[in-house]
Amino acid sequence: MKKNSILSLVFFLFFQCFTFAQTYGKVNALSTLLTVPSIGIETSIGAKSTFQFDITASFWKSINGKPFEFYIFIPEYRYHFQEKHNGFYIGGHIGATIFNFQKWNYLNTNSYQKGFGYVVGATIGYQKKINEKVVLDCFLGGGSSQGFYKGYYLDTNIRYDKASQWNKSGELIPYRLGFMVSYRLN
């Protein structure tokens, strides 16, 4: 039941995006070159406001024997200081994460983490309109990342932590960086 509700919501939001003018499909060229694709859609919701929804995914089961699989879903409100899709903007977002990888502060250990979390933060960026159909978007963002996970040893997949359910951790980190190529859909 949960999957059907989530899929229905995603389909509804995707369909709604096409009812507004100036809707762009987007691909993060920077992350895609690093084999971690990020796609999104951005649409107008006001005179200087847009709404963007993007998904970043690493489909790698492992790299050098260490898990490296994650998914990040971020809906974001953006305020453009000049015109939409051309110039500086700031954005605010709340997103969700699912992961099976080594967290950054465990890179030199024999352990990894599997779990889920959420992010709350801001983005600053600059968009350059190339023509009526193509926009380039450079951005940097970050904020609070809160994770709920279980920790395992790489060799045995036995839990190393003492938590009875989930470990919890949080940090202020940058987690959004990119160069998106956007194409106007309508």
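Residues numbered from 1 in each chain as written. Predicted model: local features only at pLDDT ≥ 70, side-chain atom pairs only at ≥ 80, totals over all residues. Heavy atoms only, no water.

1. A word on unusual backbone geometry
Stage number 1. A positive phi angle is found at Thr35, which is not glycine, with a value near 65°.
Stage number 2. By the secondary structure assignment, Thr35 is in the loop between α2 (29–33) and β2 (38–44).
Stage number 3. When its relative accessible area of 40% is taken as the criterion, Thr35 is described as partly exposed.
Stage number 4. Although it is not a glycine, His85 sits at a positive phi angle of roughly 65°.
Stage number 5. Mapped onto the elements of the fold, His85 is located in the loop between β4 (66–80) and β5 (87–101).
Stage number 6. A relative accessible area of 1% means that His85 is categorised as buried. (Helix = DSSP H or I, 4+ residues; strand = E, 2+ residues; numbered from the N terminus. Buried < 20%, exposed > 50% of the residue type's maximum accessible area, 1.4 Å probe, protein only.)

2. Focus: the pairing of β2
Stage number 1. Of all seven residues in β2, six are buried, a share of seventy percent or more.
Stage number 2. For β2 and strand β3 (residues 49–63), the ladder comprises seven bridges, and the chain directions are antiparallel. Note that in β3 the partner of Thr43 across the bridge is Phe51. (Pairing = 2+ DSSP bridges.)

3. A look at the nonpolar core
Stage number 1. Counting residues in hydrophobic clusters, the biggest one holds 10 residues: Val36, Phe70, Ile72, Ile74, Phe99, Phe101, Val119, Tyr149, Tyr160 and Tyr175.
Stage number 2. Of all the secondary-structure elements, those providing two or more residues to this core are β4 and β5.
Stage number 3. By residue number, the principal contributor to this core is β4, which donates three residues. (Core = buried A, V, L, I, M, F, W, Y, C linked by side-chain atoms within 4.5 Å.)

4. Some points on the packing of aromatic side chains
Stage number 1. Counted according to the given criterion, the structure contains 12 aromatic pairs.
Stage number 2. Centroid distance Phe88 to Tyr126: 4.8 Å. Interplanar angle 65°. Geometry classified as edge-to-face. Of this pair, Phe88 sits in strand β5 while Tyr126 is found in strand β6 (residues 111–129), placing the two residues 38 residues apart along the sequence.
Stage number 3. Among the residues examined, Tyr126 registers a relative accessible area of 36% and is labelled partly exposed. (Phe/Tyr/Trp six-rings, centres within 6.5 Å; stacked < 30°, edge-to-face > 60°.)

5. With respect to the environment of Leu30
Stage number 1. By secondary structure assignment, the location of Leu30 is in helix α2.
Stage number 2. Placed 147 residues apart in sequence, Leu30 and Leu177 show a C-alpha to C-alpha distance of 8.3 Å.

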